Amino acid sequence: MTQAHASGKVILFGEHAVVYGQPAIAVPVSQVGVTVTIEPIPGGSRVISNLIGRNALLSSIPPSDPFMALIAVFFQATGTDPRHGVQFEIDSTIPVASGLGSGAAVSIALLRALNAHYSTNLGPVAINELAYEIEKIHHGSPSGIDNSVIAFDKPVFFVKGHPIETLNPVLPLDLLIGDTGIYAPTSQSVGDVKLLFHNHPELYQPIIDQVGEIAREARACIENGLPESLGKLMIENHQLLRRLTVSCGELDRLVEAAIQNGAIGAKLSGGGRGGNMIALVTPENAGAVRQALLAAGAKAVYGTTVMPL
Ligand code: PMV
């Protein structure tokens, strides 16, 4: 039996603008994740997944399915064919389409498990590249930030098409993640922003540029231990995301509730229109902010701390 794991993630700054070449910051969230177990079985391979309630022979799944695409990508990269003789069990605690990196975490946990099971010697860079191929099937033209932060399992300063830079916070960052419970596929909001951008570049290019500038300033705040300034940047970033039309009433209510109850900063996180928001808190006010988020309609609240490396 072989087992591998991948954490979830949240984006702290720069979502959407990252698709247009601006930097973004994301951190792994170890409180949620995906575990993949591979066991030898006789005959054709089979997959069991709690995520989509699936228990099926691989031979019955169409090749266009992201799971089968991953098997194909692994086969192409390594010459190893996993379509016979193994059972995959996928066990996830990451809510789907909520901005916590469910799709990328499944791909990376699967690739890590395949790599270990077949001793194929893929390093994190290769695993990241293969996972990106699957992200393209899930999301159309993703920036690659989700697979990168999960593959490297460290806070990252990410610019599309550039080598990954890891970030080292000098102080722990206490975050609460508030889930609206609203299913919000990223491809939809990314497509809508693309349309706005295409039709009115004169209005939307300056917003994208400002989001990028905020991500650069946020990096300096994280590396110099300036949580108050970081919090202000989160609030500014949220306002710019609203102007990109990717917030919604529920996200705005959670962000407002967090700030009214003492959070240092708060913003939506990920594709938006639902999914999750994040609040930067202190160990002292985390309890009050958590209660306020639940009272304002959050379906779940996760706490995570980004530690200095
Ligand atoms: O919804 P998530 O957490 O998968 O994040 C998407 C981030 C976007 O910038 C909106 C899209 C992308 O490909 O980077």
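Residues numbered from 1 in each chain as written. Predicted model: local features only at pLDDT ≥ 70, side-chain atom pairs only at ≥ 80, totals over all residues. Heavy atoms only, no water.

Taken together, 15 residues lie near the ligand, and Lys9, His16, Ser143, Asp146 and Thr186 sit nearest. In this structure, an oxygen atom belonging to the ligand sits 3.3 Å away from a main-chain N or O atom of Gly99. One of the side-chain nitrogen or oxygen atoms of Asp146 is found 2.7 Å away from an oxygen atom of the ligand. Bound to the protein, the ligand loses 95% of the 380 Å² it would expose on its own. (Near = heavy atom within 4 Å. Polar contact = N/O pair within 3.5 Å; in protein donor to acceptor, adjacent residues only side chain to side chain. Areas by Shrake-Rupley, 256 points an atom, 1.4 Å probe, with all protein chains shown as cover.)

Our next topic: the layout of surface pockets. The space that makes up the largest pocket amounts to roughly 860 Å³. For the largest pocket, the lining is made up of 47 residues, of which Ser102, Gly103, Glu135, His138 and His139 are closest to its centre. At the level of secondary structure, the elements contributing two or more residues to the lining of the largest pocket comprise strand S1 (2-13), helix H1 (66-78), helix H2 (102-117), helix H3 (124-139), helix H4 (145-152) and helix H5 (186-199). The element best represented in the lining of the largest pocket is H2, accounting for six residues. Residues of the lining of the largest pocket, tallied by class, amount to 23 nonpolar, 18 polar and six charged. The wall of the second largest pocket is formed by 16 residues, among which Asn128, Ser148, Phe158, His162 and Ile164 lie closest to the centre. Breaking the lining of the second largest pocket down by element, the ones donating at least two residues are H3 and H4. At four residues, H3 tops the list of elements feeding residues into the lining of the second largest pocket. Tallied by class, residues from the lining of the second largest pocket come to seven nonpolar, seven polar and two charged. (1 Å grid on protein atoms, 1.4 Å probe; cavity = no way out; pocket = protein on both sides within 12 Å on 5 of 7 lines; lining within 4 Å. Points joined across faces, edges and corners; volume = space filled by probe spheres on them. Helix = DSSP H or I, 4+ residues; strand = E, 2+ residues; numbered from the N terminus. Nonpolar A, V, L, I, M, F, W, Y, C, P; charged D, E, K, R; others polar.)

Okay, the sheet that holds strand S11 (residues 300-306) next. Read across the sheet, four strands follow the order S9-S10-S8-S11 without closing on themselves; strand pairing throughout is antiparallel. Two strands lie at the open edges of the sheet, namely strand S9 (265-269) and S11, each paired on one side alone. On average, each strand axis in the sheet is inclined to that of its neighbour by 25°, with strand direction left out of account. Where strand S8 (residues 173-179) lies against S11, seven bridges are found, and the strand directions are antiparallel. Looking across to S11, one finds that Asp174 is bridged to Thr305. (Pairing = 2+ DSSP bridges. Axes fitted to C-alpha atoms, helices over the stretch in contact; angles between N-to-C directions.)

Let us now look at the nonpolar core. Counting 100 residues, the largest nonpolar core has Val10, Leu12, Phe13, Phe67, Phe88, Met277 and Leu293 as the members making the most contacts within it. Leaving out residues up to four positions away in the same chain, Phe88 has contacts with Thr37, Ile38, Ser45, Arg46, Val47, Ile48, Leu58, Phe67, Ile71, Pro82, Leu110 and Leu114. (Core = buried A, V, L, I, M, F, W, Y, C linked by side-chain atoms within 4.5 Å. Buried < 20%, exposed > 50% of the residue type's maximum accessible area, 1.4 Å probe, protein only. Contact = heavy atoms within 4.5 Å.)

Unlike most non-glycine residues, Thr245 shows phi in positive territory, near 70°. Within the chain, Arg273 stands out as a residue other than glycine whose phi angle is a positive 65°. Its location among the elements puts Arg273 in the loop between S9 and strand S10 (276-281).

Attention now goes to the pattern of salt bridges. With the rule as written, the count across this model stands at ten salt bridges. A salt bridge links Lys267 to Glu15; its shortest N-O distance comes to 2.8 Å. A residue pair is termed long-range when its members are at least 10 positions apart, and Lys267 in strand S9 and Glu15 in the loop between S1 and strand S2 (24-44) qualify at 252 residues. Here Lys267 and Glu15 have matching classes, each one buried. One salt bridge connects Asp81 with Arg83, and the closest N-O pair in it is separated by 2.9 Å. Given a relative accessible area of 28%, Asp81 falls into the partly exposed group. A relative accessible area of 37% places Arg83 in the partly exposed class. Salt bridges here are not isolated pairs; linked through shared partners, they connect Glu165, Arg219 and Glu223. (Salt bridge = Lys/Arg side-chain N within 4 Å of Asp/Glu carboxyl O.)

Take the side chain of Lys267 next. For Lys267, a relative accessible area of 0% corresponds to the buried category. Among the polar contacts listed, one links the side chain of Lys267 to the backbone oxygen of Leu12, at a separation of 3.1 Å. Setting aside anything within four residues of it in sequence, one finds Lys267 in contact with Ile11, Leu12, Phe13, Glu15, Met234, Asn237, His238, Leu241, Val255, Met277 and Ile278.

By the definition in use, this model includes three aromatic pairs. Look at Tyr20 and Phe197: their rings are 4.6 Å apart centre to centre, the planes differ by 40°, and that puts the pair in the tilted class. With a gap of 177 residues between them, Tyr20 in the loop between S1 and S2 and Phe197 in helix H5 connect regions that are remote in the sequence. For Phe197, a relative accessible area of 18% translates into the label buried. On the numbers, 6.2 Å between centres and 40° between planes, the contact of Phe74 with Tyr118 is tilted. Of this pair, Phe74 sits in helix H1 while Tyr118 sits in the loop between H2 and H3; the two residues are 44 residues apart in sequence, bridging distant segments of the chain. Its relative accessible area of 23% is what places Tyr118 among the partly exposed residues. For Arg219, the ring lying beneath its charged end belongs to Phe157, and the centroid distance is 4.4 Å. (Phe/Tyr/Trp six-rings, centres within 6.5 Å; stacked < 30°, edge-to-face > 60°. Lys NZ or Arg CZ within 6 Å of the ring centre and 35° of its normal.)

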